[in-house]
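# Descriptive analysis of the structure
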Amino acid sequence: MKRGYLVIALFVMSMNSLYQYSWNVFEPMIASGLHTTAVYVEIAFTLFTVFSTTFQGLGGYFADRDGPARIGVISALLSAFGFIGGSFSNSIYEFYAVWSIGSIGEGILYGIATNLAVKWYSDIRGLAVGIVSLGFGLGSSIANVFLVHAPNFRLPMMIIGLIELVLMPLMLYFARYPKVNLSGERPRRNLASPAFWILYISFVFGSIPLLVISSSFGYIGSHLPLYEFSILVSLFPLLSGISRPILGWISDRIGRSAAVMLIDAFIIAGSAFLSLRQYVLAIVLIGFFGGSMISLYFAYIGDVFGTRFSTANNGVFYTGKSISGFIGSTVFALMFSYDVTISYIFVLISAIAGLSFLIASRGAVRKSSAMQ
């Protein structure tokens, strides 16, 4: 039955990916269809990161306490509402409202799907989380091939919403967490640990390059030929997806901390190529290595702080994505409109800061692990 839970989690994560990794395709269509500008549409991506991350911890509390089925079904309905409601929006403000509600469901589902792997597969946690997280790139990679040819955002969002409405509640109804072999302190105890917060800051800075590409490549690459843009916008989530089980497997062998450091180093390289306008190399490196960052951090938090309350722990940790999302979408868009070079240098500095704080966390993590 463990494999069945992995299949449920993989499907849920594939649908979740459309909120983030199909955004670059939806963004220009939304701006055109709702007669607004890229900066206003970027606010919707910021709202997505804020609501998805803020509510993941709350949803994780109920999932850890009562099991993932009930809160999972409710979250699936909210996620479907985001797409269906978005397809009927007549103004950017209406879109903000329905997209924010859908983002709540997406965030909670992300935590449930990831922790089906974290809790059930303690022996190969990196690989299992990587397989589930594969869906977060694979789903959009497949969808984007069709979405780039859509005349507007309304019909695709309606189709996606109806698929979610029919399939996801049914699948999540059967989701379960294990009831034995779980350990770890409650989130409030972990929040008092310096290790948690140093890792949190590392995660915030390290995620910025990924979220810049996720939210803003629609206008970063607007000058590229259509065929090249179409390839890159589909290649980005594909690389993000296929890297996750690969790097997860590697992390099971070399250690989670070493694996995340390796990822950060390559993201720095990708950010450097972005500052040099080498978009293909930037997409390949940031997409491949950045995609696995969140899943490996979640596995790392499970290693350090235990799995009994891992959905809630990861939910609190995931709020860092809302900070990264705001910086990587709205703030970056404003910087980009002011000076492209400065905006790219800022992305590079953020990547370097992410690795620096990760290195600084190692002593605190060893101390925290010894106390578990």
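Here the structure is a predicted model, which is why all the values come from computation and not from measurement. (Residues numbered from 1 in each chain as written. Predicted model: local features only at pLDDT ≥ 70, side-chain atom pairs only at ≥ 80, totals over all residues. Heavy atoms only, no water.)

### So, the pattern of salt bridges
- For the structure shown, the criterion picks out three salt bridges.
- Note that Lys119 and Asp64 form a salt bridge whose closest N and O atoms lie 3.1 Å from each other. In this pair, Lys119 sits in helix α5 (residues 92-120) while Asp64 sits in helix α3 (residues 38-66), placing the two residues 55 residues apart along the sequence.
- Here Asp64 falls in the buried class, since its relative accessible area comes to 17%.
- Linking Arg65 and Asp66 is a salt bridge whose minimum nitrogen-to-oxygen distance equals 2.9 Å. (Salt bridge = Lys/Arg side-chain N within 4 Å of Asp/Glu carboxyl O. Helix = DSSP H or I, 4+ residues; strand = E, 2+ residues; numbered from the N terminus. Buried < 20%, exposed > 50% of the residue type's maximum accessible area, 1.4 Å probe, protein only.)

### Re the packing of aromatic side chains
- The tally for this structure, following the rule as stated, stands at 28 aromatic pairs.
- With centroids separated by 5.1 Å and ring planes inclined at 25 degrees, the aromatic side chains of Tyr5 and Trp120 adopt a geometry described as stacked. Taken together, the positions of Tyr5 in helix α1 (residues 2-20) and Trp120 in helix α5 put the pair 115 residues apart, joining distant regions of the chain.
- The class of Tyr5 is buried, set by a relative accessible area of 8%.
- On the numbers, 4.2 Å between centres and 5 degrees between planes, the contact of Phe266 with Phe289 is stacked. In this pair, Phe266 is assigned in helix α11 (residues 256-275) and Phe289 in helix α12 (residues 279-305), connecting sequence segments 23 residues apart.
- On the basis of relative accessible area, Phe266 is assigned to the partly exposed category, the value being 31%.
- The structure contains a cluster of three or more aromatic residues connected by ring pairs, namely Tyr19, Trp23, Phe45, Phe48, Phe83, Phe95, Trp99 and Phe153.
- Positioned over the ring face of Tyr177 is Lys119, at 4.9 Å from the centre of the ring. (Phe/Tyr/Trp six-rings, centres within 6.5 Å; stacked < 30°, edge-to-face > 60°. Lys NZ or Arg CZ within 6 Å of the ring centre and 35° of its normal.)

### Details of α12
- Across its 27 residues, α12 extends 38 Å between first and last C-alpha, which sits within 8% of the 39 Å expected from 1.5 Å per residue.
- At Met293, α12 shows its largest kink, close to 35 degrees.
- Across the 27 residues of α12, 23 count as buried, placing the element largely inside the fold.
- Where α12 terminates, the next one or two residues include Gly306, which has phi positive at roughly 90 degrees. (Expected span 1.5 Å × (residues − 1). Bend = angle between axes of the 7 residues up to and from the residue.)

### A closer look at the packing of helix α2 (residues 23-33) against helix α7 (residues 154-172)
- Axis separation between α2 and α7 bottoms out at 10 Å; the angle between their running directions is 120 degrees. The orientation of α2 with respect to α7, classified from their angle, is oblique. For the pair α2 and α7, contact is made by Phe26, Ile30 and Gly33 and by Arg154, Pro156, Met157 and Ile160, respectively. (Axes fitted to C-alpha atoms, helices over the stretch in contact; angles between N-to-C directions. Parallel < 35°, antiparallel > 145°, perpendicular 65-115°, else oblique. Contact = heavy atoms within 4.5 Å.)

### Regarding the nonpolar core
- By size, the foremost hydrophobic cluster in this structure holds 109 residues, and its most contacted members are Phe26, Ile30, Phe95, Trp99, Leu172, Phe217 and Phe317.
- Examining the composition of this core, we find that 17 residues originate from one element, α12, more than from any other.
- Leaving out residues up to four positions away in the same chain, Phe26 has contacts with Leu18, Phe83, Leu147, Phe153, Pro156, Met157 and Ile160. (Core = buried A, V, L, I, M, F, W, Y, C linked by side-chain atoms within 4.5 Å.)

Functional significance is not addressed by these values, which are geometric in nature.
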